[in-house]
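Each chain, letter by letter, is given below.
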Amino acid sequence: MTSIKIKNLNAYYGEKQVLKEINLDIGEKRVTAIIGPSGCGKSTLLRCINRMNDFIDIFRAEGEIDIDDKDIMQMDPVLLRKQVGMVFQKPNPFPKTIFENVAWGPKIHGTKDKSTLNKIVNNSLKQAALWDEVKGRLKDNALGLSGGQQQRLCIARALAVSPEVILLDEPCSALDPVSTAKIEDLIVALKKHYTIVIVTHNMQQAARVSDNTAFLLNGDLIEYSDTDTLFETPKDKRTEDYITGRFG
Amino acid sequence: MGRLKDAVIEKILLACALISILTMIGIVATLLFETINFFSEVSIASFLFDTKWTPLFKPAHYGILPLINGTLIITIGAAAVALPLGILTAIFLSEYASPKFRQVAKPVLEILAGVPTVVYGYFALTFITPLLRKAYPETNIFNAASASIVVGILILPMVASLSEDAIRAVPRSIREGAYALGATPFEVSTKVAVPAALSGILASFILALSRAIGETMAVTIAAGMMPRLTLNPLEGVQTMTAYIVQVSLGDTPRGTIGYQSIFAVAMVLFIMTLGMNIASQLIRQKYREAYV
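The rules behind these values
- Residues numbered from 1 in each chain as written.
- Chains lettered and ligands numbered in written order.
- Predicted model: local features only at pLDDT ≥ 70, side-chain atom pairs only at ≥ 80, totals over all residues.
- Heavy atoms only, no water.
- Patch = residues over 30% accessible without salt bridge, like charges linked within 9 Å, V, L, I, M, F, W, Y side chains within 5 Å.
- Areas by Shrake-Rupley, 256 points an atom, 1.4 Å probe, with all protein chains shown as cover.
- Salt bridge = Lys/Arg side-chain N within 4 Å of Asp/Glu carboxyl O.
- Buried < 20%, exposed > 50% of the residue type's maximum accessible area, 1.4 Å probe, protein only.
- Helix = DSSP H or I, 4+ residues; strand = E, 2+ residues; numbered from the N terminus.
- Pairing = 2+ DSSP bridges.
- Axes fitted to C-alpha atoms, helices over the stretch in contact; angles between N-to-C directions.
- Contact = heavy atoms within 4.5 Å.
- 1 Å grid on protein atoms, 1.4 Å probe; cavity = no way out; pocket = protein on both sides within 12 Å on 5 of 7 lines; lining within 4 Å.
- Points joined across faces, edges and corners; volume = space filled by probe spheres on them.
- Nonpolar A, V, L, I, M, F, W, Y, C, P; charged D, E, K, R; others polar.

Could you give an account of a nonpolar patch on the surface, naming the residues involved and the relevant values?
On the surface, a cluster of nonpolar side chains totalling about 470 Å² of accessible area is made up of Leu14, Leu18, Ile21, Leu22 and Ile25 of chain B. Residue leucine 18 of chain B is classed as partly exposed on the basis of its relative accessible area of 37%.

Encoded structure:
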C-alpha cells in the first residue's frame, strides 16, 4: 500500500513560484511519468517527494504530500528517504567498489552481517539487471563501469535499502540508446514491486514505460490521466500542442 | 614593432622565472659545498649514529640524532594537535556551517596563519608553559610539549583550510546520492565526502608536517637550545632549525667545523622537507583521478 497523494502543493525558489496548487494521486505499483518542457517544475515536483529540495536554502514548499496517509512534510527526512529511493539524471556512483556502492545504504541503516550484505548486494544487482555483467568484479571501482552500467548500479544501490517508492529523475538523459532501452525494460520490470515516478523530457519514453502521465507547464499541472489517453486523446489544447511537438 | 615588443616581454618574463630557479640552484649548491667540507672531517657514520651533538664544545660529538629526535618529537606532537582538530574543523566548515559562517570563519582561520611565528613562541613560553607547569610541576621552562602545542596551533589553519577545499571539491551529485539513501549529514561527510577527498586531505597533512619540521622561531623560543636524546616531552630539546639559529647568531668563525655543521644539518632538513613535498605532490596527482 504505497500510494502518494499530493495535495495543494505550492513551491517557491525565493520569490519565484515554481509549483502551483498541484493535486496528484500516484497509484501504487504503477509507473507514473511527469513530462513537460524544461523549467516547468517537473524535477522540483519529484524532489518534493523525498524532500531533496530541503538542501536548497531559498526553497520553500506549502501543502501536503501523503505517503501511506502520513504527511512527509512532518516526517524525519532521513527516514523518508530510506522509504523513497532516488536515481539521478547523471549516474553518481560513489568512488568506491561496486560492492561497496550497493552495500553502503544497508550498512548505514545498521546491517553489519557479512552474509546478509552479500545477499542484499546479489539480489539488488540481479534486480537491476547488472549482476551478469559485474559478478566477477565486485571489488573493482564503480567508476570503471560504462555510463549505462553506472546508472543501473545506482538503481541497484537504491533498491538495496528496500524502498517502497523509486523516483527517477531523467535517468536516461546521459545514456546511449542501447543503455536507455535496458533501463526502460528494467523500469517496467520493477513496477511489480515498487511504486515508480519518472521525470522525463522524452515523450516516447513516457509512452513506453508509464501507466499514468502528468503534464506540467510553468508550474501548473495541466493534465493527468492514464498514459494512452493522454497521448491519444488529450483533453487540453496545451497538452496536445506539447505532445505533437508544437513547442517544448 | 609589435613583434619586437612581444619578444622583449617574453625575455623579461623568462628572466623573472629564471631568478627563482637560479636562487634554488644557488641554495642547493651552497648547502652541498659546505656539507662536503663538513664530511671531509666528520664521518657519515658518526654523523648518523653518534648519540651526542656537541660540535661547539670539547670533546666534540657530531651525532645528529638528538636534533632529529627534537624535530620529530615536536612534529609528532604538533601533528597530534593539528590533524584531528584540522580535519574536524574542515568537516564542520564544509558540511555543517552556513555559507555566512564559513565566509567569516575561513578568513579568521587564515589570519591565524599570518601571525608571526615569534609571537607564537612567546605565547608558548609565557602562556602554555606556565599552564603545563601547573599540571606537571616537573616541566622544564623550555620543553617540547609546549612547542608541540604551539606548532600544532600554527599549522592547524593549513590543515583545516586545505582539507576543507578537498572535501568541498567532492561533487555535490555524490553527496546527493548518499542523502537519497537516507544518510545523515554526519554519515555523508564521514563515509562519502571524507573518503573521496582522502588523498587531498593526506596531501594537506604532509604539507603541514613539512611546515612543522621547518618551523624555527617558535620552537627555538619554546623548546630551548639543549640537544637531548629523550622522549619526555616535558624536557627541553633542540631542533635542527634551532641549532642553525644558535650557530648563526653566535660567534662561530667561518670555515670552522662548527660553522660547516649547520650546512650539514640544513641539508638533512632540506632532504626531509623536499621528500615530504614530493610525497604530497604524488598524492595530489592520484587525487585528481579519484572521481571523474
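Residues and numbers for the pairing of strand β6 (residues 84–87) of chain A, please.
Across a regular strand the side chains alternate sides, sitting on one face of the sheet and then on the other. Residue and element names in this part refer to chain A. Here β6 shows two buried faces, one formed by Val84 and Met86 and the other by Gly85 and Val87. Pairing between β6 and strand β7 (residues 165–169): four bridges, direction parallel. By the bridge assignment for β7, valine 84 is matched with valine 165.

Got a sec to walk through the sheet that holds β6 of chain A? Specific residues and values, please.
All names here are of chain A. Taken together, the six strands give an open sheet; going across it, the order is β6-β7-β8-β3-β9-β10, and neighbouring strands pair in mixed fashion. In this open sheet, the two strands that pair with only one neighbour each are β6 and β10 (220–226). Averaged over all neighbouring strand pairs, the angle between strand axes comes to 15 degrees, with direction disregarded. One ladder, built from six bridges, connects strand β9 (residues 212–217) with β10; its direction is antiparallel. Its bridge partner lying in β10, alanine 214 is registered against tyrosine 224. Here helix α6 (residues 147–159) sits on the sheet in contact with β6 and β7, set at roughly 170 degrees to β6.

How would you sum up the pairing of strand β1 (residues 4–13) of chain A? Please name residues and give values.
Residue and element names in this part refer to chain A. Of the strand pairs in this sheet, β1 and strand β2 (residues 16–26) are connected by seven bridges, and their pairing is antiparallel. Opposite lysine 5, over in β2, you have aspartate 25 as the bridge partner. Here β1 hands over to β2 after two residues, with glycine 14 in that stretch at a positive phi of 60 degrees.

Help me get a handle on the environment of methionine 276 of chain B, residues and values and all.
All names here are of chain B. By the element assignment, methionine 276 lies in helix α12 (residues 257–288). Along the primary structure methionine 276 and alanine 218 are separated by 58 residues, whereas in three dimensions their C-alpha atoms are 21 Å apart. When residues no more than four places from it in sequence are discounted, the contact partners of methionine 276 are Ile206, Leu209, Ser210 and Ile213.

Would you mind going over the layout of surface pockets in detail, with residue names and values included?
Taken as a whole, the largest pocket encloses approximately 590 Å³ of empty space. Forming the boundary of the largest pocket are 17 residues, of which Phe55 of chain A together with Ser94, Glu95, Arg172 and Arg175 of chain B lie nearest the centre. Of all the elements in the fold, those that place two or more residues in the lining of the largest pocket are α3 (65–96), α4 (99–114) and α7 (172–179) of chain B. Considering every element that reaches the lining of the largest pocket, the biggest residue donor is α7 of chain B, with four residues. Among the residues making up the lining of the largest pocket, the classes are represented as seven nonpolar, two polar and eight charged.

Spatial relationships are all this shows, so hold off on functional conclusions.
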